[in-house]
Amino acid sequence: SNESVKVIGNRITVVKFKEGIKFDNHRKIDGNIKCCSISRNSAGEYYISLSVKKDIKKLPLSEKFLGIDLGIKDFITTSDGNKISLPKFKKSKLSKLKYLQRKHSKKQLKSNNREKARKKYAKLYNHLSNQKKDFFHKLSLKLVSENQVLMIEDLNIKGMMEKNNKKHKSNLAGMIQECSWSDFIGMLKYKAEFYGHNVFEIDRWYLSSKTCYSCGYVNKKLSLKD
């Protein structure tokens, strides 16, 4: 390990903390530690991220390729006809989020009770965000592992959200934000680079959502509500 960062069991020693910090070492460290970063989230929880250097074994070459269409109703629709929905993590806890938000707003400004209420809300929100990230990691790794080439849309996500906000369709803009397509695409790209597979982006004006994956028929009557 790096001289400035050492991990022994469930304790880590870094500069200015020579006595060591107790932490939840949830995964075996595979590789040589280069550095670490300590961060605190909005709920007041601390995290230590370790950067390690290791050789990643490339996946064997495959003849399989897959086109991926991103959507809201179905998170992804693949060129072989499979549809995968995004679990409604936030929706399942929406009533509790609203309840915690109301409790926070009713507390006295700058009081300890208001800060405690804020942390409770932030902790639940971060938990739901982590659930979605976990889903993205598992799905992106599965797609990269099974296919040599992945083809995805080159989406102007920011532009889509601004357009729908201007048209007073904030509901749709919120759903686009909830999908977090850019996070998922980023995971696909770096995992493919790690394992020696490829991700290509196709023209955003190509009618991928209106084109049948089987026969190639283009349904020009397909509207946004569909």
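Relevant structure appears above.
Residues numbered from 1 in each chain as written. Predicted model: local features only at pLDDT ≥ 70, side-chain atom pairs only at ≥ 80, totals over all residues. Heavy atoms only, no water.

Visitor: Go over the nonpolar core with me, naming the residues and quoting the values.
Guide: Ile-68, Phe-75, Ile-76, Leu-143, Leu-150, Phe-184 and Leu-188 are the most contacted members of the largest nonpolar core, which has 29 residues in total. Of all the secondary-structure elements, those providing two or more residues to this core are β6 (65-70), α2 (94-106), α3 (112-146), β9 (149-153), α5 (170-179) and α6 (181-195). Core analysis: the next-biggest nonpolar cluster, separate from the first, contains five residues, Ile-12, Val-14, Phe-23 and Ile-33 among them. (Core = buried A, V, L, I, M, F, W, Y, C linked by side-chain atoms within 4.5 Å. Buried < 20%, exposed > 50% of the residue type's maximum accessible area, 1.4 Å probe, protein only. Helix = DSSP H or I, 4+ residues; strand = E, 2+ residues; numbered from the N terminus.)

Visitor: Report on the packing of aromatic side chains, specifying residues and quantitative values.
Guide: Centre distance and the angle of the planes are the two values used to describe a pair of aromatic rings. On inspection of all chains with the given rule, the structure shows eight aromatic pairs. With 5.3 Å between their ring centres and 15° between their planes, Phe-75 and Phe-136 make a pair best called stacked. Taken as a pair, Phe-75 in the loop between β6 and β7 (76-78) and Phe-136 in helix α3 lie far apart in primary sequence, 61 residues in all. Judged by relative accessible area, which is 1%, Phe-75 ranks as buried. With relative accessibility at 1%, the residue Phe-136 sits in the buried group. For the pair Phe-135 and Phe-136, a centre-to-centre distance of 6.1 Å together with 50° between the ring planes defines the contact as tilted. Under the relative-accessibility criterion, Phe-135 is labelled buried at 18%. Within the aromatic cluster, the residues linked to one another by ring pairs are Phe-75, Phe-135, Phe-136 and Phe-184. (Phe/Tyr/Trp six-rings, centres within 6.5 Å; stacked < 30°, edge-to-face > 60°.)

Visitor: Could you give me a rundown of the sheet that holds β7, with the residues and numbers involved?
Guide: One open sheet holds the five strands; their spatial order is β8-β7-β6-β9-β10, and the pairing between them is mixed. Among the strands making up the open sheet, the edge pair consists of β8 (83-84) and β10 (198-202). Sheet topology places β6 next to β9; three bridges connect them, and they run parallel. If you follow Leu-66 over to β9, its bridge partner there is Leu-150. Its contacts with the sheet place α6 against β6, β7, β9 and β10, and it is angled at close to 140° to β10. (Pairing = 2+ DSSP bridges. Contact = heavy atoms within 4.5 Å. Axes fitted to C-alpha atoms, helices over the stretch in contact; angles between N-to-C directions.)

Visitor: I'd like to hear about the environment of Leu-100, residue by residue, with values.
Guide: Relative to the helices and strands, Leu-100 resides in helix α2. Residues Leu-100 and Tyr-121, 21 residues apart in the sequence, show an inter-C-alpha distance of 5.6 Å. With sequence-adjacent residues up to four places away left out, Leu-100 is seen in contact with Lys-120, Tyr-121 and Leu-124.

Visitor: Got a sec to walk through the pattern of salt bridges? Specific residues and values, please.
Guide: According to the stated counting rule, one finds six salt bridges in the structure shown. With its nearest N and O atoms 3.2 Å apart, the salt bridge here joins Lys-142 to Glu-146. Placement of both Lys-142 and Glu-146 in helix α3 is noted, with a separation of four residues, approximately one turn of the helix. Given the relative accessible area of 34%, Glu-146 is considered partly exposed. (Salt bridge = Lys/Arg side-chain N within 4 Å of Asp/Glu carboxyl O.)

Everything listed here is a matter of coordinates, which is why it stays silent on function.
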